[in-house]
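Listed below, chain by chain, are the residues.
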Amino acid sequence: MLFAVAAIGIAVFVFTLWCSVTVARMKDLPWWRRSIPFALFLVSNIASALRAFDMPEVANAVAFPLNAALVVVALWEIRAARQRHEASAVNGDAAP
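Quick caveat: nothing in here was measured; it's all calculated off a predicted structure.

K.L.:
Hey, could you run me through a nonpolar patch on the surface in this one?
P.N.:
Nonpolar side chains collect at one region of the surface, where Ile10, Phe13, Val14, Leu17, Val21, Phe38, Leu42 and Ile46 lie side by side and expose about 690 Å² of accessible area between them. Sorting the residues of the nonpolar patch by element identifies helix H1 (2–24) and helix H2 (31–49) as the ones contributing at least two each. It is H1 that contributes the most residues to the nonpolar patch, five residues altogether. For Ile46, a relative accessible area of 57% corresponds to the exposed category.

K.L.:
Help me out: how do you make sense of the side chain of Ser88 in this one?
P.N.:
Tracing the backbone shows Ser88 in helix H3 (residues 56–90). When its relative accessible area of 14% is taken as the criterion, Ser88 is described as buried. Engagement of the side chain of Ser88 in a polar contact is seen with the backbone oxygen of His85, the distance being 2.9 Å.

Reading the values: the criteria
- Residues numbered from 1 in each chain as written.
- Predicted model: local features only at pLDDT ≥ 70, side-chain atom pairs only at ≥ 80, totals over all residues.
- Heavy atoms only, no water.
- Patch = residues over 30% accessible without salt bridge, like charges linked within 9 Å, V, L, I, M, F, W, Y side chains within 5 Å.
- Areas by Shrake-Rupley, 256 points an atom, 1.4 Å probe, with all protein chains shown as cover.
- Salt bridge = Lys/Arg side-chain N within 4 Å of Asp/Glu carboxyl O.
- Helix = DSSP H or I, 4+ residues; strand = E, 2+ residues; numbered from the N terminus.
- Buried < 20%, exposed > 50% of the residue type's maximum accessible area, 1.4 Å probe, protein only.
- Polar contact = N/O pair within 3.5 Å; in protein donor to acceptor, adjacent residues only side chain to side chain.

As structure tokens, then:
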């Protein structure tokens, strides 16, 4: 059982890291929009690390909502970027 919990935790960590790095690499976004998912990623991991300092209540209350917000914001930005690139390809503009 512990292995399954660890595997799920690692998968969530890797997925949120992938989402935040993908948005951070989008050069057509302003810097503040690129940095929102990565900032949420850092704060959620700091909140999760509070479990090591015997504050699981704070970690449980803060980490999951921040991870959920990170995924929602990042996937929204990724989807919007895809739609912009598809629209520019249909219009005949040069895709970056």
